[in-house]
Amino acid sequence: MRSRVLNFIKILILFAVLALAVFFLCKGVQKMGNGQQAEGLKQLDSSIRKATMTCYATEGVYPPSIQYLKDKYGIQIDEGRYTVFYEVFGDNMMPDITVMERQ
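Undergrad: Explain the nonpolar core here, please?
TA: Across soluble globular proteins, nonpolar side chains have a tendency to be buried as a group. Judged by nonpolar contacts, L44, I48, A51, I66, L69, I75, I77, Y82, V84, Y86, I97 and V99 together constitute the single largest core of twelve residues. For this core, the elements supplying multiple residues, two or more each, are α1 (2-59), α2 (66-73), β1 (82-87) and β2 (96-101). Look past the residues within four positions of Y86 in its chain and what remains in contact with it is T52, P63, P64, S65, I66, L69, P95, D96 and I97.

Undergrad: Help me understand the side chain of T52 in this model?
TA: Here T52 is to be found in helix α1. Leaving out residues up to four positions away in the same chain, T52 has contacts with Y62, P63, L69, Y86, M94, P95 and I97.

Undergrad: Would you mind showing me how to read the pairing of β1 here?
TA: On a regular strand, each side chain points to the face opposite its neighbour's, so the side chains alternate between the two faces of the sheet. What you see with β1 is a clean split: Y82, V84 and Y86 sit on the buried side and T83, F85 and E87 on the side with no burial. As defined by bridge partners, β1 adjoins β2 across six bridges and the pair is classed as antiparallel. Bridge assignment links T83 to a residue of β2, and that residue is M100.

Quick notes on the rules
- Residues numbered from 1 in each chain as written.
- Predicted model: local features only at pLDDT ≥ 70, side-chain atom pairs only at ≥ 80, totals over all residues.
- Heavy atoms only, no water.
- Core = buried A, V, L, I, M, F, W, Y, C linked by side-chain atoms within 4.5 Å.
- Buried < 20%, exposed > 50% of the residue type's maximum accessible area, 1.4 Å probe, protein only.
- Helix = DSSP H or I, 4+ residues; strand = E, 2+ residues; numbered from the N terminus.
- Contact = heavy atoms within 4.5 Å.
- Pairing = 2+ DSSP bridges.

Below, the structure written as structure tokens:
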């Protein structure tokens, strides 16, 4: 009788340890996903800024719109994932560029 109780306790402890391992594994995967999302946002912002500067260097004016960067400089934006605010103040003034992740 006593050995059955001990075996049952060992099985409960094993399941508890297994459940904790699965929990921490899921938390780790979630953190990695958050890091990748932040990196994607950073890379898109950097790509838009580099294309904007390239346009200014080659054409002498900043791009008039984000669509211009898409058409002429190959910028690709996942519209379902990111929102880009691109405000132009003048031909010779750097546009205000804001990239945000959609909720």
